[in-house]
Amino acid sequence: MVYTTSIFAATREVKGLVTSDGDNLPLIGASVFVSTDDLKKINHQKESIGVMTAIDGSFIINVPDGITRIYCSYLGHNQKEIKLGKETFYNIHLEPSSYELDNIVVTGYQNIERRKLTSAISKVKITDELIGNTHSIDQVLAGQIAGLSAVTSTGAPGAPVKIRIRGTSSINGTQDPLWVLDGLPLEGTDIPKMEELQDIDNIYNTSIAGINPNDIEDITVLKDAAATAIYGARAANGVIVITTKSGKKGKTQVSFSTKLSYTPNVNIDRLNLLNSDEKVQLEMDLLQSDYTYREEKGGVSQILQQYGQMEAFKNGGFNAISSDAQAAINRLRNTTTDWNDILFRDAFNQEYNLSISGGSDRATYYTSLGYYTEKGNVIGVDASRFNFTGKTTYKVNKHLKFGASVFANQMKNNSFLTDADSFSSPTYYSRRANPYQLVYDENHNYVYDDNVQGKGDDRNADFNIFEERANTSHENTSQSFKSLFDVELKINSMFKLTSQVGLQVDKSTIEKIADKDSYSIRKDKLRSIVNGASYLPDGGFHKQTDTESSQVTWKAMGEFRKNIRNEHEIEAMLGTEIRKTWYKSLYDAAYGYDRKTMQSKPILFPEESHSSMFPLSTISETENAYVSGFATFSYSFRHRYTLGASIRFDGSDLFGVDKKYRYLPLYSVSGLWRISSESFMNGIEWIDNLAIRASYGLQGNIDKNTSPKILGKYENRTILPGTTEEVISISSPPNEKLRWEKTHSSNIGFDFSVLNNRINLTGDYYFRKGVDLIGTQMLPLETGFSSTTINWASMKNQGVELSLNTHNIKMKNFDWHTTFNIAYNQNKILEISTPETQLTPSLRGYAVGSIFAYPFGGLDSEGYPLFITSAGNKVSAEEYFNIKTTENGSYASNLSVEERRNRYKYAGTTEPVWTGGFFNTFRIKRFEIGINCIFNLGHVVQTSPSYSPTLFDRGMNTNRDILNRWTPTNTNTVFPTLMPDDKRRADYYAYESLYVDRYLDLWVKKADYMRLQSIRVGYRLPESVLNIFKMTSGTISLEGRNLLVWAADYTNYLDPETMGNEYAQPIPKSVTLTLNLNF
Amino acid sequence: MKKLTSILLIISLLVTTGCDNFLDITPTGRVIPETAQDYRKLMTEAYYLMPSSRGLTAFISDEIDMTSKNLDSYDKDTFLDLWLWNNVNPSGSTTYFDWEKYYKMIFIANTVIENEKSITNGTEAEINQIVGEAYMMRAYNHFILVNLYALPYNSETATSSTGIPLKLNSSMDEVLKPSSIAEVYASVLSDIDNAEKKLNVETWETGLNYRFNTLSVDALRSRVYLYMGRWEDCYNASERVLSKKNELVDLVSGRTLPNAYNSSESIVALEMNMTSTYNNVDKLVPKALYNLYLPGTQDQRARKFYKTEVGGYSLIKGGSSEYRCSFRVGEIYLNAAEAALKNHHPEICKTLLLKLLEKRYQTAAYTQAEIDINAMDDDALLDEVYLQRQLELSYEGHRWFDIRRMEKEKRPVLTREYEGQTYRIEDNYPELTIKIPDEAKEANPYL
């Protein structure tokens, strides 16, 4: 009966109006309340007193005597404390919380209140400022989140971004995170390997690229096992949850935005390519030297051969040859083709978005349209995207709610045919073609480049890149359709049932056409010569690949929530999910094709065996099914202690696998201690929040393509004429030993906010250990196979992530926010099975991206590289690799495998050790200035040598390092001499056959860089302008992207990020003008 | 609350019971072999994998001429370095001898042998036949490999000379060291013995006659013993074949070539010795080889095996699957003849040779040959046997191996004249042995 006194405690009425600080509009449904702690202090019998604001933002609340403050909160705004004085009316302005953290975190399965969050989760609100000049959501994430690294693959239109969360977790399996759109885990988001991406021939449309960033409300990144365990096996690399915008109750809002951006042509001066004069001089010098490799190649050599002056030149030099030949060589010197200028261009991109949203008590809606078109810097390459999004929610009654959304898009990439094994990629070609090579002759006929060669072989088909661009096309059209249907049934305040059906269909068509006059078809014709003539019909080709992948996911969940006396909070969820995916592809080829008539001709194969070289039609189909059950549980005591747990069983259709291996339980446990809510912290006013989190979880993965039995595929084969039989072909060996790959993850973190949330600091330490990692191992060919999948390694990742948000200056006309995040990751392989045949060192004890190289000790007196032995002596390749003649007169290294491995020294890792970003936003009156920097530090890259000392091909262009090569007159250099094949044969063998020059540590470069990712100036239109057009708000902004980059050393390369591949398109610089209007 | 619990319970029950059925998807087109029919399909795939390396040896022996002016760049890239014996820095697209496929066939054979007892749904005879073929395949492939990549068999050094790895199980774990040549031959012979116990099909219908049959047991023995120099064994094995099948194609009157898959001589029509790409080399038949045949139409083989073109000859007896041939009656005659001679029965040798020539020569030429051969001494007769092997079995993957096992003084000198330069085989093929492919060496340090 202690409380009885307070029953009669007097109350007073407090009135007020709540508005949003940004636009001064009233906030409807904001809650105004007295805190529980305050009530307790005065021994009030109620645990809570609170009201909601009405449609005009007004409220009336009865406050017990003794209470001196009330609180006001609204979603998306900072909670505010209002000290009560003598007044009875209070105007409360709530500040939008774009910089602070929201109170609800969406994990895709659950919405968790941030105060109960026990796991490592980061959330980014997607604003116009953040999107800037990017066109796809993966590009937006770069540098935003501690522990998430985003590396742009190339500067080509639509190029995907390689995203890694907390380092590399699997060595061979997919390393891409799982993407979830409004609760639906997306299919088709794995991006191909970097090497494939950097080939312009491969144009990709991932399903991420199809989502319009302007439709996205926020993104939540789930980093530790406690957060991801609920997603099961697919979440081993982290989860990125996309929440899209939805309509809000209130008047209809119309938003329009447009972006116009300009990307200037790449300046290739950094590449230091030889000009015509230098190239001609080099060729002449080489012809008089004893270096004879590909002597017949190059313009000078061709002229000398044509005039029959080769011998004269070799003996007597330039003055000894005929005046005709001299004149021709001089003409060559003065002919210049600026490949960069004629193959590349300035590009201009446009984007338009329109969205309409709004809602009533019963229903809300959000509809948007988006169109974007991008011209590549390569002439002939462009991309476009068209988006439609529709989202509605219906509230049938207070128990039942429905939601439906549709996301549809079409993407198109246009290019021309280039191919990996020749020089027909424009980026590659522009850097290897001779500066004096002509495109057209005086009669405007194509001039074929006969110095161009496919991968070192001597097969030659007429090639001219302008002809190729004009006469071929490569089109990738993809349509994607995702739709979601949600139901929520609130039985009472404790029980809730939700269910979601998601459908995703992605279709893509890749069409490749080559006309009769093109290198592409000439190459096919070369492959099909029988008795002196190609059996392919006259004309071009048309090849088309259609793929369709689709999934249906259904999930149902029951949630239980109970709050006992505001002391014990219990939440539990039980759910199930079933999923089925289909994949189908169809390839179709026609030869003798003519674009005008759209007709093709049959191929008359001289023999059945040839038909496999030119398949005309291929079909493949896969179907997979998954069933999962999952549960989560969370208990909080007095808002201070929270315990969480989750478990999930994943089952899938593993063919040929024992049923007991179908399910592996994945689970996590986690806890939270909110120190700031403890009574001993009561006096410390300046601390708003201090909490410590800890979690542990187990994740796992299995290789679906491995079976303990022989797993075969039906095929048809013809051995003898006229008899075709069905066979079972085996592509991978049976494997009884393969186990689940398991990852144990632990995380400890803290959240700390002080001075009214002006300073927020979040830190996490994680330790992740992967055991039984699945990898590929080379097999001796005597097994009949070249490789198999094994549990070959265990690896740990540990790291620290820090994220600091500060609101440095907060004045009426000047405002300054800073966000700084930094992550340190250390990766180490603990165990690894190294095949006894492996010639490179074992990775045990090193990071997965480690590079090993031979220590370079300068050049000897003949310009041959020297190697530093472990004893510190400098020796030749012959000695370093102990190269001896064999009984058949050739050469071989007499080192054992072990010794070969020990010749390498550790030279660094390719994965950045430190990653992060630094973002500053200033608001000065109506102007907003944003400066974003991102950095990646502590990694190295293995670049290719500028030229090979034994296989330098004088038919092609190269950078100026060749001019600085060792010669008897230029001995102070690190660039080796060009080695003739009849001199120092053992050394020659080392460079020509073992390619030892490629692995010199001379070519391993530091790859640290910091990039000024974006600098942006925005201007909010003043009311006077807004009123004229009846707008509620409007901004106009100018952004420069990738304008500057600071890096350790990237001589001869355009950008430190693409150093590994000198032929990749660099990350483009751009300037964008953006206009955002809201009505 | 109770209501809800029961709803959840029902849902989860439904889900878990439905699960296993839902997950039981047999992927379209994928299979785990269990039945005899499945294992037959597996064996067919193994046969299909059979490389043409035996035929490719034509390029390093004296059966190919690449000096034609019309040689296209593809042929230059693919074969020229092989033909010039350049195995130090050949062009990247040079065709080379196979390794992995031979062992992949052996893997399938081992799988079949190991699973003999668990094969379902087949008659005993059917299963025995499949297993017998697997033994034959293992024997034949090891035999080809040891002859490609190791020294020729020599009874004195066979136990100490390095052969090739013997793969006698389907394990993926071991890294094999090469066995000695003697061990490889012993294993080959033992596999043939095992095959003999299982095989029961004497003749496969045309179209399926790439498969091993009961006749092939002795046909293979005949060749193995010939290469080993066990003349009596060779002769006996050959005779056992000939006692069941001895019909030779009559080239004078007939149209089918003896090495065609549907010829009456065919025993096993497996290897495509001259693939269409090999065959495409412009005017590949050396004039020297063509001139060894009797001039004009006297030797029908010259007319039927080769086509005369302007400035040279191209090949008719190869270039398509129609001419798949691993064993045929003609070879057995020649094996028997050589074995008889070396076992000091020249008269048997003469009879066998003449039986063959009767079907190859015009009557007048045959009459002359009868006189000539019967007058020959042993040495001349041996030359004649070698010559007839060269002429009869040309482009069927025999010549290289015959040269290797010839007495040193009888071996032809292998040289090439190309663009003014002279190339000699000794420089890069010591002891006439092919280097093991680099990718095999990279994967197994013991090679």
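Residues numbered from 1 in each chain as written. Chains lettered and ligands numbered in written order. Predicted model: local features only at pLDDT ≥ 70, side-chain atom pairs only at ≥ 80, totals over all residues.

Asker: Hey, could you run me through the overall build of chain A in this one?
Answerer: Across its full length, chain A holds 18 helices and 52 strands. Computed over the C-alpha atoms, the radius of gyration of chain A is 33 Å, within 12% of the 31 Å expected from 2.2 N^0.38 for a compact globule of 1079 residues. In terms of overall dimensions, chain A has a C-alpha envelope of 120 × 70 × 70 Å along the principal axes. Burial statistics for chain A: of 1079 residues in total, 40% are counted as buried. In chain A, the share of contacts with a sequence separation of at least 24, taken over all contacts with a separation of at least 6, comes to 69%. (Helix = DSSP H or I, 4+ residues; strand = E, 2+ residues; numbered from the N terminus. Rg over C-alpha atoms; globule rule 2.2 N^0.38 Å. Buried ≥ 20, exposed ≤ 12 C-beta atoms within 10 Å, placed from the backbone. Contact = placed C-beta atoms within 7 Å.)

Asker: What should I look at first to understand the overall build of chain B in this one?
Answerer: In terms of helices and strands, chain B carries 18 helices and 7 strands. Here the C-alpha coordinates of chain B stretch approximately 110 × 50 × 45 Å along the principal axes. Relative to its 447 residues, chain B shows a buried fraction of 49%. Residue pairs at least 24 apart in sequence account for 70% of intrachain contacts in chain B once pairs closer than 6 positions are excluded.

Asker: Where do I start with the nonpolar core in this structure?
Answerer: Across soluble globular proteins, nonpolar side chains show a tendency to be buried alongside one another. If you look at the biggest cluster of nonpolar residues, it comprises 130 residues, and the most contacted ones within it are Met43, Ala109, Val112, Ala134, Ala139, Ala336 and Ala337 of chain B. Per element, the largest residue contribution to this core is 15 residues, and it comes from helix α6 (residues 124-149) of chain B. Residues Val180, Tyr231, Val241 and Met573 of chain A belong to the second largest nonpolar core, which totals 57 residues. (Core = buried A, V, L, I, M, F, W, Y, C linked by C-beta atoms within 7 Å.)

Asker: It is not clear to me how helix α10 (residues 323-333) of chain A should be interpreted in this structure. Could you clarify?
Answerer: Residue pairs spaced three or four apart in an α-helix point in one direction, given the helix's 3.6 residues per turn. All names here are of chain A. All of the buried residues along α10 are Ala325, Ala328, Ile329 and Leu332. Looking straight down α10, one finds its buried side chains confined to an arc of 95 degrees; they lie on one side. Turned more than 90 degrees off the buried face of α10, the exposed positions are Ser323, Ala327 and Asn330. Each element contacted by the buried residues of α10 is listed here: α7 (276-287) and α8 (299-306). (Arc of directions from axis to C-beta.)

Asker: Any chance you could explain the pairing of strand β37 (residues 787-810) of chain A here in plain terms?
Answerer: A regular strand places its side chains so that they alternate between the two faces of the sheet. All names here are of chain A. By the bridge criterion, 18 bridges tie strand β36 (residues 759-778) to β37 in an arrangement that is antiparallel. What sits directly across from threonine 762, in β37, is serine 803. Joining the antiparallel neighbours β37 and strand β38 (residues 814-832) is a turn of 3 residues. (Pairing = 2+ DSSP bridges.)

Asker: Would you take a moment to explain the packing of α7 of chain A against α10 of chain A for this structure?
Answerer: Residue and element names in this part refer to chain A. One can describe the packing of α7 onto α10 by two numbers: an axis separation of 8 Å at closest approach and a directional angle of 140 degrees. Between α7 and α10, the interaxial angle falls into the category oblique. Between α7 and α10, the residues in contact are Ser276, Asp277 and Val280 and Ile329, Leu332 and Arg333, respectively. (Axes fitted to C-alpha atoms, helices over the stretch in contact; angles between N-to-C directions. Parallel < 35°, antiparallel > 145°, perpendicular 65-115°, else oblique.)

Asker: What is the right way to look at unusual backbone geometry in this model?
Answerer: Negative phi values dominate among residues other than glycine, just as trans dominates among peptide bonds. All names here are of chain A. For asparagine 272, which is not glycine, the phi torsion reads 55 degrees and is therefore positive. Looking at where asparagine 272 falls in the secondary structure, it is placed in the loop between β17 (250-263) and α7. Here asparagine 756, not a glycine, exhibits a phi torsion of approximately 55 degrees, which is positive. As for its placement among the helices and strands, asparagine 756 is situated in the loop between β35 (741-754) and β36.

Asker: Would you mind showing me how to read the environment of aspartate 594 of chain A here?
Answerer: All names here are of chain A. Mapping aspartate 594 onto the fold places it in strand β27 (residues 568-594). Overall, the presence of 15 C-beta atoms within 10 Å leaves aspartate 594 in the partly exposed class. Separated by 252 residues in sequence, aspartate 594 and isoleucine 342 place their C-alpha atoms 28 Å apart.

Asker: Please explain the pairing of strand β50 (residues 1009-1020) of chain A as it appears in this structure.
Answerer: All names here are of chain A. Sheet topology places strand β47 (residues 927-937) next to β50; 10 bridges connect them, and they run antiparallel. Bridged to cysteine 933 within β50 is leucine 1012. In this structure, β50 lies alongside strand β51 (residues 1033-1047), joined through 11 bridges in antiparallel fashion. When the sheet's bridge partners are listed, tyrosine 1019 is paired in β51 with isoleucine 1036.

Asker: Is there a simple way to explain the interface of chain B and chain A in this structure?
Answerer: Interfaces are often sized by the accessible area lost when the parts come together. Tallying the contact residues gives 67 residues for chain B and 69 residues for chain A. Mapped onto the side of chain B that touches chain A, the elements with two or more residues apiece are α1 (2-23), β1 (30-31), α2 (36-49), α4 (73-83), α5 (100-114) and α18 (438-443) of chain B. The dominant element in the side of chain B that touches chain A, judged by the number of residues it contributes, is α1 of chain B, at 8 residues. Pairing between strand β33 (residues 712-718) of chain A and β1 of chain B: 2 bridges, direction antiparallel. Residue pairing for β1 of chain B: glycine 712 of chain A is matched across the bridge by valine 31 of chain B.

Asker: Would you explain the domain arrangement of chain A in this entry?
Answerer: All names here are of chain A. The assigned domain composition of chain A is domain 1 (4-94), domain 2 (104-248), domain 3 (276-335) and domain 4 (855-903 + 946-999). Inter-centroid distance (C-alpha atoms) of domain 3 to domain 4 is 27 Å. Tallying the contact residues gives 13 residues for domain 3 and 12 residues for domain 4. Tallied by class, the residues present in the side of domain 3 that touches domain 4 amount to 4 nonpolar, 3 polar and 6 charged. (Domains from an automatic or database assignment. Nonpolar A, V, L, I, M, F, W, Y, C, P; charged D, E, K, R; others polar.)

Asker: Whenever I open this one, the packing of α6 of chain B against helix α7 (residues 181-198) of chain B confuses me. Can you help?
Answerer: Packed helix pairs are characterised by how far apart their axes lie and by the angle those axes make with each other. Residue and element names in this part refer to chain B. The geometry of α6 relative to α7 is characterised by a closest axis approach of 8 Å and an angle of 160 degrees between their N-to-C directions. Considering the angle they form, α6 stands roughly antiparallel to α7. Where α6 crosses over α7, the two elements pack in a sense that is left-handed. Of the residues in α7, those in contact with Asn128, Gln129, Val131, Gly132, Tyr135, Met136, Arg138, Ala139, His142, Phe143 and Val146 of α6 are Ile181, Val184, Ser187, Val188, Asp191, Ile192, Asn194, Ala195 and Lys198. (Left-handed = near helix turned anticlockwise from the far one by under 90°.)

Asker: How should I be thinking about the confidence of the model for chain B in this particular structure?
Answerer: As a general rule, the predicted coordinates of low-pLDDT regions are not to be interpreted in detail. Overall, the prediction assigns chain B a mean pLDDT of 90, with 94% of residues at 70 or greater. The lowest-confidence element of chain B is α1 of chain B, averaging 56 in pLDDT; the highest-confidence one is helix α8 (residues 214-228) of chain B, averaging 97. (pLDDT = per-residue confidence, 0-100.)

Asker: What is the right way to read helix α17 (residues 985-992) of chain A from this model?
Answerer: Residue and element names in this part refer to chain A. Along α17, 6 of the 8 residues are buried, which leaves the element largely enclosed by surrounding structure. By the burial criterion, the buried members of α17 are Asp987, Tyr988, Tyr989, Ala990, Tyr991 and Glu992. Along its buried surface, α17 packs onto α15 (877-880), β43 (883-885) and β44 (891-893).

Asker: How should I be thinking about the confidence of the model for chain A in this particular structure?
Answerer: Residue and element names in this part refer to chain A. Taken over all residues, the pLDDT of chain A has a mean of 85, while the share at 70 or more is 92%. Ranking the elements of chain A by mean pLDDT puts helix α1 (residues 4-7) last, at 42, and strand β41 (residues 865-868) first, at 95. Note that residues 454-458 has pLDDT below 50 and, in this model, 15 contacts with residues that lie over four places away or in other chains.

Asker: Is there a simple way to explain the sheet that holds strand β5 (residues 69-73) of chain A in this structure?
Answerer: The pairing of strands in a sheet happens through backbone hydrogen bonds and is either parallel or antiparallel. All names here are of chain A. Pairing is antiparallel across the open sheet formed by 4 strands, whose spatial order is β3-β2-β5-β6. A strand with exactly one partner marks an edge of an open sheet, and here the two such strands are β3 (49-52) and β6 (80-83). In this sheet, neighbouring strand axes are inclined to one another by 25 degrees on average, regardless of whether the strands run parallel or antiparallel. Two elements, strand β2 (residues 31-34) and β3, share 4 bridges in a ladder whose sense is antiparallel. Its bridge partner lying in β3, phenylalanine 33 is registered against glycine 50.

Asker: I'm lost on the sheet that holds strand β4 (residues 58-64) of chain A in this one. Help?
Answerer: Residue and element names in this part refer to chain A. Read from one edge of the open sheet, 3 strands run β4-β1-β7, paired in mixed fashion. Every other strand in the sheet has two partners, leaving β4 and β7 (89-94) as the edge strands with one partner each. Strand-to-strand twist of the sheet, defined as the mean angle between neighbouring strand axes without regard to direction, takes the value 35 degrees. As paired elements, strand β1 (residues 11-20) and β4 share 7 bridges and run antiparallel to each other. Along β4, the bridge assignment pairs lysine 15 with isoleucine 60.

Asker: Which parts of the structure should I look at to understand the environment of threonine 576 of chain A?
Answerer: Mapped onto the elements of the fold, threonine 576 of chain A is located in strand β27. As for threonine 576 of chain A and lysine 905 of chain A, which are separated by 329 residues in sequence, their C-alpha atoms are 51 Å apart.

Asker: Looking at this structure, I do not really get the environment of glutamate 81 of chain A. What am I missing?
Answerer: Residue and element names in this part refer to chain A. Mapped onto the secondary structure, glutamate 81 falls in strand β6. Residues glutamate 81 and isoleucine 92 lie 11 residues apart in sequence; the distance between their C-alpha atoms is 9.5 Å. Those residues in contact with glutamate 81 that sit more than four places away from it in its chain are Arg69 and Tyr71.

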